[in-house]
Amino acid sequence: MANKQLLENISSVYKRISHAAMRAGRNPEDIKLITVTKTVSIELIREAIDAGLRVFGESRVQEAKDKITELRSQITDSNIEWHLIGHLQKNKAKMAVELFDLIHSVDSIELAEAINKHAEKMNKIQKIIIQVKLSFETTKYGILKDNLISLLLHVSSMKNLSVKGLMTIPPFFDDPEMARPYFRELRTLRDETSAKGFKLPELSMGMTNDFEIAIEEGATMVRIGTAIFGERRN
Ligand SMILES: *Cc1c(COP(=O)(O)O)cnc(C)c1O
């Protein structure tokens, strides 16, 4: 039986994405919904796939491996994409390259090197996004703005990496409007970096609490869990 609540949530999220895009004079199709499935059961992910969702984000490599392996044994749909949105440790780089279409959380030269090395062995061009840390109260992870160009220069010499854009996680605010300056800062940083010759089309920013603001500020990928599956229990 179709999960009515899930279908309602998905359609509400799509509507909110469209409205935010239109407010900003943008095409809603330029915003990709990444459905965040961390802690979500395989059964519920299957329902999300049945409802038409195709792009999923996980934050832990091992949890993702278990789910992706199981789902791939059940479903053969080559349009399903898995993205890593959480922190990646170098010693898990090999597994990450095996599993993910896009890694949003590259934040050091050493990590980029590890990913590149395994991608080369697997004969894969690994798509990555650079995670930027724009505030000190937010996460532990992300490269500082001042080190971005240096990282991009290093990465541009790594033949099995393809850099697609930038990602950030602002601090959590009850009032999502407070997150706007962080999203704007990431877009500005992207524009400045593009002017120096680095092509970075994707801006991965915005979660359940603040995705509409992120879209108004230029997000091309929003990472949404709670608004689709409800509150996580753990
Ligand atoms: C959990 C998580 C999300 C989704 O958060 P929600 O508030 O549930 O939408 C997005 N991005 C990252 C990096 C996450 O860890």
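The text that follows walks through the structure, step by step, so that each part is easy to find. Throughout, residues of each chain are indexed from 1 in the direction in which the sequence is written. Two thresholds apply to this predicted model, a pLDDT of at least 70 for residue-level local features and 80 or more for giving and counting side-chain atom pairs, whereas whole-chain, interface and lining totals are computed over all residues. Hydrogens and water are ignored here; the side-chain numbers use all heavy atoms of the structure.

## Description of the packing of aromatic side chains
In step 1: Here a pair means two rings of Phe, Tyr or Trp (six-membered ring of Trp) with centres within 6.5 Å. Their orientation is stacked below 30 degrees between planes, edge-to-face above 60, and tilted elsewhere. Throughout the structure, instances matching the rule amount to two aromatic pairs.
In step 2: When the ring of Phe 56 is compared with that of Trp 82, the centres are 5.2 Å apart and the planes differ by 35 degrees; the resulting orientation is tilted. One end of the pair, Phe 56, is in strand S2 (residues 55–58); the other, Trp 82, is in strand S3 (residues 81–84), and 26 residues separate them in sequence. Secondary structure counts use DSSP, requiring at least four H or I residues in a row for a helix and at least two E residues in a row for a strand, with both numbered from the N terminus.

## Focus on the nonpolar core
In step 1: Within the largest apolar cluster, 70 residues are counted, with the highest numbers of intra-cluster contacts made by Phe 100 and Ile 130.
In step 2: With six residues, helix H1 (residues 4–23) is the largest single contributor of residues to this core.
In step 3: Contacts are residue-level and defined by heavy atoms, with any inter-residue pair within 4.5 Å sufficient. Excluding residues that lie within four positions of it along the chain, Phe 100 makes contacts with Glu 58, Val 61, Ala 64, Ile 68, Trp 82, His 83, Leu 84, Lys 124 and Gln 126.
In step 4: Within the second largest apolar cluster, six residues are counted, among which are Ile 34, Val 55, Ile 129 and Met 167. Residues belong to a common nonpolar core when they are buried Ala, Val, Leu, Ile, Met, Phe, Trp, Tyr or Cys residues joined through side-chain atoms within 4.5 Å. Under the scheme applied here, a residue whose accessible area is under 20% of the maximum for its type counts as buried, over 50% as exposed, and between as partly exposed, the area being computed with a 1.4 Å probe on protein chains only.

## Some words on helix H6 (residues 148–156)
In step 1: All of the buried residues in H6 are Leu 148, Leu 151, Leu 152 and Val 155. Buried residues along H6 cover an arc of 100 degrees about the axis, so they all sit on one side.
In step 2: As for H6, its buried residues are in contact with helix H5 (109–121), strand S5 (126–133), strand S6 (143–144), strand S7 (161–167) and helix H7 (180–195). Arc, as used here, means the arc of the directions from the helix axis to the C-beta atoms.

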